[in-house]
Amino acid sequence: MSTLYPFQSIESAVQELWNRKNAFSLKNEAGAKTFYCLEMFPYPSGRIHMGHVRNYSIGDALARYKRMRGFHVLHPMGWDSFGLPAENAAIQRGVHPAVWTEENILHMKKQLKRLGLSYDWAREVTTCLPEYYRWNQWFFLKFYEKGLAYKKEGLLNWCDSCMTVLANEQVEDGLCWRCKSSVTLRPMEQWYLRITDYASELLDGLADLPGWPEKVRIMQENWIGKSEGAEIHFAVKDMSVDLPVFTTRPDTLFGVTFITIAPEHPLLEGLLPVIPRRDQVAAFIRETLHKRTTDRNTEPGEKEGIDTGLSVIHPLTGESLPLWIGNFVVASYGTGIVMGVPAHDERDHEFAKKYGIRVKTVIEPLVAHEPHPPEGAYTGPGRLIHSGAFNGLQNEQAKGKIVSELEALGKGRRKVTFRLRDWGISRQRYWGTPIPIVYCDRCGTVPVPETELPVILPRDVAFTGKGGSPLRESRSFYETRCPDCQGPARRETDTMDTFVDSSWYFLRFTDPENTQKPFAKKTARRWIPVDQYIGGVEHAILHLLYSRFFTRALKDLGIIDSPEPFRSLLTQGMVLKDGTKMSKSKGNVVDPDHLVERYGADTVRLFTLFSAPPDKDLAWDDKAVEGAYRFLGRLCQRVEELFGNPAKNPVSSRPSGFKESGGILSSSQKSLKAKIHETIRDVTFDLESNTQMNTAVARLMELLNTLGTANPDDPADFAILHEGYSTLVLLLSPFAPHLAQHLYTLMGHEGLVMDQAWPESSEEAMLREEIPYVIQINGKLRATLMLSPDIDRAELLKRALEDERVRRNLTNMKLEKEIFVPGKLLNLVVVPQ
């Protein structure tokens, strides 16, 4: 398809105008109403894809709209530039990660500018630069001082392919979130951030985020996973060892017939020497851990276990119960030990049936003959039986009374637990923020003084792809002096999880030039929380939860005021082609550069905004791209024909309004004017909702069609046409800013269209003249409706079918056809069904 419209040259000229005017620079005027619009910043992989284009087009349309509404808009962009792909590139291509990253940033920045996105590039943030990551290190030190950062040994998720530890949140169905390789468990020491200290706050705070999608709030609620119950202690028989068990069902305590402990539980190390079947048990543990990942969303398909041969004592009955090890128990969830109640828990029943463990019923249904599975567990409400002094109590009532008895005996207590685990941030990779810790044989673990920040990532390292991080081989990096005793010391060679970088970048955008602090508290107070945040729902657990934790921790440290980072969140849908997400591996990628070269940036932007609501998936359609292109072409052609020659159309420079016949507009002219103002009203409503940009674009297309019905040779019509096209151009500018600016200037207006006030609709202008329309059914009068004289057949039929008088006469009738007489009547021809 050959290019019919000169969009590329128009866009180049408009971008030069924006550059000359420094159009996107934020003027920090005191007292001005503010709006912070932010799209999730990208990893600089080298090229943007259509998902980027859609995300950034949504944000840019909103930012431009808010600017025209009189807001001072903060709309920045930067680069989430630490990460494994750069290190892999160094190994595979022999180019340093810093060089690879810098080159990618330059190319992607050029692509974003070509799209005409209104970013204030003076605020650009790049997380791999020392001026940024020094503040990652500063925050770490503050967290360390407050006990929020600590180091411990544990079984950690390990990816052999990436050769690094992964946080629980980065393991998806047992696979590495990045490379999709299988994840195994490995005992290691690493640094953690104590996100669990904020579990209750993070959970309760979700109620204060009405601007977030419900699905994201539910995902975070489930991940935090609050459970209310009791911690009950079972003593190991003939040993001074207590096994703490957490349960939400203390009412079933008398039905416990076995206890199961996680194979990786630290208490097992002390128990193994006295286990009768020590070799078999040790082999079971090794095999289970070899197959196991700590992804808590994945349970093993088949429940497997082994009897240790040890017994535990029931805290209330004193009876001996067998201690099992089970593959379905995870040490990091609850206490890592569970009580088995096969009569009232489906999983326990399955396990007990497989291994021949006793089943003891302690709850019977409240209603006699209530259905009860003969071969399964009863999990419904009921009355306690075989439960000693608690017999006869309803199970909900019994929960509290049993826990009170345990507390009185010192064998249990009420407890709230969370599924959320602390955030492991150590990564055994090079391309990340160095952790500001040194190890001294004399002084132990010593934090690097703030005055010595940043700890610079060295450039002179070798990338072989073997042995993990090259920092471990860089003596110039790891050999240092102890800050306390000045003796020889060794630097920490792990780097920080890159999600640390993105957990506060939105704060740095508010004050990117600050060299004394990560940002000024007063400046951040003006902009935080972010008014509108836009990105993929895949970040619901990782980035969005970590950012909420970071913000609350910084508030407690007195660094910021807001407890939440993002007031409103829009999770845009994916871009699909051939029914699946675009990806190189599937060969269904559409290159944005090719589209921009062929159709222009405005066409590409308009297509992504028009083809689906922002929060829904967008199905790629080549015809829809050409449809957006043709719409912009028709608009460009019409404006150039009507207003490109002011000498030919002198009325184009006059204000529109009542001109001819003593200031009276004809019915059709009033209707045209009403359509203009209805479009203003409706597009404004769509943009205020954020999720209806597609309908906003559709309304602009409809207005263009309506304006095409006017007579440009009629002076009154022409004046209204000038108003209509001027309005259309203003309303179009958030979606297709280049063409809007070009046409705005062409029509005789001065200045930048993005600096103009957003049009206001007039209620008076929207008052349409109405005439009576006769509605007949098989030629008989059934209703008279007062409607606009230019109403079309489809709208008239819709209005008629909404009328109760008409609907009554259509019961059990089938519409065969309608006879429409414009300006007079609609006759519905019906037959019995």
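What counts and how
- Residues numbered from 1 in each chain as written.
- Predicted model: local features only at pLDDT ≥ 70, side-chain atom pairs only at ≥ 80, totals over all residues.
- Heavy atoms only, no water.
- Pairing = 2+ DSSP bridges.
- Helix = DSSP H or I, 4+ residues; strand = E, 2+ residues; numbered from the N terminus.
- Salt bridge = Lys/Arg side-chain N within 4 Å of Asp/Glu carboxyl O.
- Buried < 20%, exposed > 50% of the residue type's maximum accessible area, 1.4 Å probe, protein only.
- Axes fitted to C-alpha atoms, helices over the stretch in contact; angles between N-to-C directions.
- Contact = heavy atoms within 4.5 Å.
- Expected span 1.5 Å × (residues − 1).
- Phe/Tyr/Trp six-rings, centres within 6.5 Å; stacked < 30°, edge-to-face > 60°.
- Lys NZ or Arg CZ within 6 Å of the ring centre and 35° of its normal.

Undergrad: Lay out the sheet that holds strand β19 (residues 423-424) with the relevant residues and their values.
TA: Read from one edge to the other, the open sheet built from four strands follows the order β6-β5-β9-β19, with strand pairing classed as antiparallel. Because the sheet does not close on itself, it has two edges, and the strands there are β6 (164-166) and β19. In terms of strand pairing, strand β5 (residues 149-159) meets strand β9 (residues 183-193) through eleven bridges, oriented antiparallel. From the neighbouring strand, C159 faces β9, where its bridge partner is V183.

Undergrad: Lay out the pattern of salt bridges with the relevant residues and their values.
TA: According to the stated counting rule, one finds 44 salt bridges in the structure shown. Between R413 and E231 there is a salt bridge; the shortest N-O distance is 3.6 Å. Of this pair, R413 sits in strand β18 (residues 412-418) while E231 is found in strand β10 (residues 226-236), placing the two residues 182 residues apart along the sequence. For R413, a relative accessible area of 40% corresponds to the partly exposed category. By sharing partners, the salt bridges in this structure join E201, R548, R552 and E564 into a single network.

Undergrad: Explain the sheet that holds strand β27 (residues 569-571) to me, and be specific about the residues and the numbers.
TA: Within the open sheet, the four strands sit side by side as β2-β1-β26-β27. Their pairing is parallel. The sheet is open, and its two edges are formed by β2 (72-74) and β27, each paired on a single side. Adjacent strand axes in the sheet meet at a mean angle of 20 degrees when their direction is disregarded. Pairing geometry for strand β1 (residues 34-39) and β2, over three bridges, is parallel. If you follow F35 over to β2, its bridge partner there is V73. In this fold helix α2 (residues 50-68) packs onto β1, β2, β26 (532-535) and β27, with an angle of close to 170 degrees to the strand it touches most, β1.

Undergrad: Would you mind going over helix α20 (residues 693-707) in detail, with residue names and values included?
TA: Look at α20: 21 Å from first C-alpha to last across 15 residues, which is about the 21 Å you get at 1.5 Å a residue. Along α20, the residues classified as buried are M693, N694, A696, V697, L700, M701, L703, L704 and L707. Those residues of α20 hidden inside the fold are in contact with α2, α17 (601-610), α18 (622-643), α19 (667-689) and α21 (715-732).

Undergrad: Can you lay out the packing of aromatic side chains for me, pointing to particular residues and giving the numbers?
TA: For the structure shown, the criterion picks out 46 aromatic pairs. The ring of W135 has R134 lying over it, and the distance from NZ or CZ to the ring centre is 4.3 Å. When the ring centre of Y478 is taken as reference, the NZ or CZ atom of R490 above it lies at 3.9 Å.

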